[in-house]
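One letter stands for each residue in the lines below.
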Amino acid sequence: MSGKKGNKIAAEYIKKKFEDFGLPTEFDKFNIKRVNPGPKNEIGDDFTNNIYSWIEGNDSILKDEVVVIGAHMDHIGYGPTYSRTGGGRIHNGADDNASGTVALLEIAEAFSVMKGQNKRTVVFIAFSAEEMGLKGSLHYVNNPKFPKGNPDIKKHIFMLNMDMVGHDDEFVQDIPLSFKVPKRVTNNSGVNFFTQDT
């Protein structure tokens, strides 16, 4: 749960992984209302952190356009607040949302290898306090940090959000599996779109 010891450990781990990829990284602290004390009334902080890492674009004009790739890195801890099954027991967050966080880290690592080739600024954000009502993303939208030097949410042109990207076999079997290879469509904006033939 955001503000608790486990949340701090996860945030430090994510920050270190971004730094290991050679990417600039920073915490962005914001206030939260404490909930879910747990079975032993653990003390938590009244704040948490989003984690930002980025690769600045190499085009003098397009680098001010921001592409965000994000996932939330918190879960509900012991409940009972936000829990569907009641409190008093740990609610593991492997799918919601360690799966999205791991995907975020993998994508950041892949982009780090291509550093300097992106025209637009790519920002990787691990949001905190999502389970409290999207508090981390709301904090970012109201206090954008990019583009550096002149932050403006209106310069954010795209966001990929990954939440619960891993599922058990029972869920996956219910999804019709039909996929066709996308083809690239380019327009004059410099943005490549991908479409699927039907």
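Residues numbered from 1 in each chain as written. Predicted model: local features only at pLDDT ≥ 70, side-chain atom pairs only at ≥ 80, totals over all residues. Heavy atoms only, no water.

Looking at the confidence of the model for the protein
Averaged over all residues, the pLDDT of the protein is 78; the fraction at 70 or higher stands at 64%. Across the protein, the element-wise mean pLDDT spans from 43 in strand 7 (residues 192-196) up to 96 in strand 4 (residues 121-127). (pLDDT = per-residue confidence, 0-100. Helix = DSSP H or I, 4+ residues; strand = E, 2+ residues; numbered from the N terminus.)

Description of a nonpolar patch on the surface
Taken together, the side chains of Ile157, Phe158 and Leu160 present a nonpolar region at the surface, about 270 Å² in accessible area. Tracing the chain through its elements places leucine 160 in strand 5 (residues 156-161). (Patch = residues over 30% accessible without salt bridge, like charges linked within 9 Å, V, L, I, M, F, W, Y side chains within 5 Å. Areas by Shrake-Rupley, 256 points an atom, 1.4 Å probe, with all protein chains shown as cover. Salt bridge = Lys/Arg side-chain N within 4 Å of Asp/Glu carboxyl O.)

As for the side chain of threonine 48
Counting through the fold element by element, threonine 48 comes out in strand 2 (residues 47-55). Here serine 128 takes part through its side chain, which lies 2.7 Å from a polar atom of the side chain of threonine 48. (Polar contact = N/O pair within 3.5 Å; in protein donor to acceptor, adjacent residues only side chain to side chain.)

Digging into the pattern of salt bridges
Applying the stated criterion to the full structure yields six salt bridges. Between lysine 16 and aspartate 20 there is a salt bridge, and its shortest N-O distance comes to 3.1 Å. One end of the pair, lysine 16, and the other, aspartate 20, are both in helix 1 (residues 5-20), four residues apart, so they sit about a helical turn from each other. Aspartate 20 gets classed as partly exposed once you look at its relative accessible area, which sits at 48%. Across the salt bridge formed by lysine 145 and aspartate 28, the nearest N and O atoms sit 3.9 Å from each other. Residue lysine 145 is located in the loop between helix 3 (135-142) and strand 5, and its partner aspartate 28 is located in strand 1 (residues 25-31); the two are separated by 117 residues in the primary sequence. What makes lysine 145 partly exposed here is its relative accessible area of 26%. (Buried < 20%, exposed > 50% of the residue type's maximum accessible area, 1.4 Å probe, protein only.)

Thoughts on helix 1
If you check helix 1, its first and last C-alpha atoms are 23 Å apart, about what 16 residues at 1.5 Å a residue would give, namely 22 Å. Residues of helix 1 that are buried: Asn7, Ala11, Ile14, Lys15 and Phe18. Relative to the axis of helix 1, the buried residues are bounded by an arc of 100° and lie together on one face. Projecting away from the buried face of helix 1 at angles above 90 degrees are the exposed residues Lys5, Ile9 and Tyr13. Glycine 22 occupies a position one or two residues after helix 1 and carries a positive phi of about 80°. (Expected span 1.5 Å × (residues − 1). Arc of directions from axis to C-beta.)

Digging into the packing of aromatic side chains
Under the definition given, this model contains five aromatic pairs. Aromatic side chains phenylalanine 111 and phenylalanine 124 sit 5.8 Å apart centroid to centroid with 70° between the ring planes, which places their arrangement in the edge-to-face category. Note that phenylalanine 111 is positioned in helix 2 (residues 94-113) and phenylalanine 124 in strand 4, a separation of 13 residues in sequence. The exposure class of phenylalanine 124 is buried, given its relative accessible area of 0%. Put simply, the rings of Tyr52, Trp54, Tyr140 and Phe146 pair up and form one aromatic cluster. One residue, lysine 15, lies across the ring of phenylalanine 27, its end atom 5.6 Å from the ring centre. One residue, lysine 148, lies across the ring of phenylalanine 146, its end atom 4.9 Å from the ring centre. (Phe/Tyr/Trp six-rings, centres within 6.5 Å; stacked < 30°, edge-to-face > 60°. Lys NZ or Arg CZ within 6 Å of the ring centre and 35° of its normal.)

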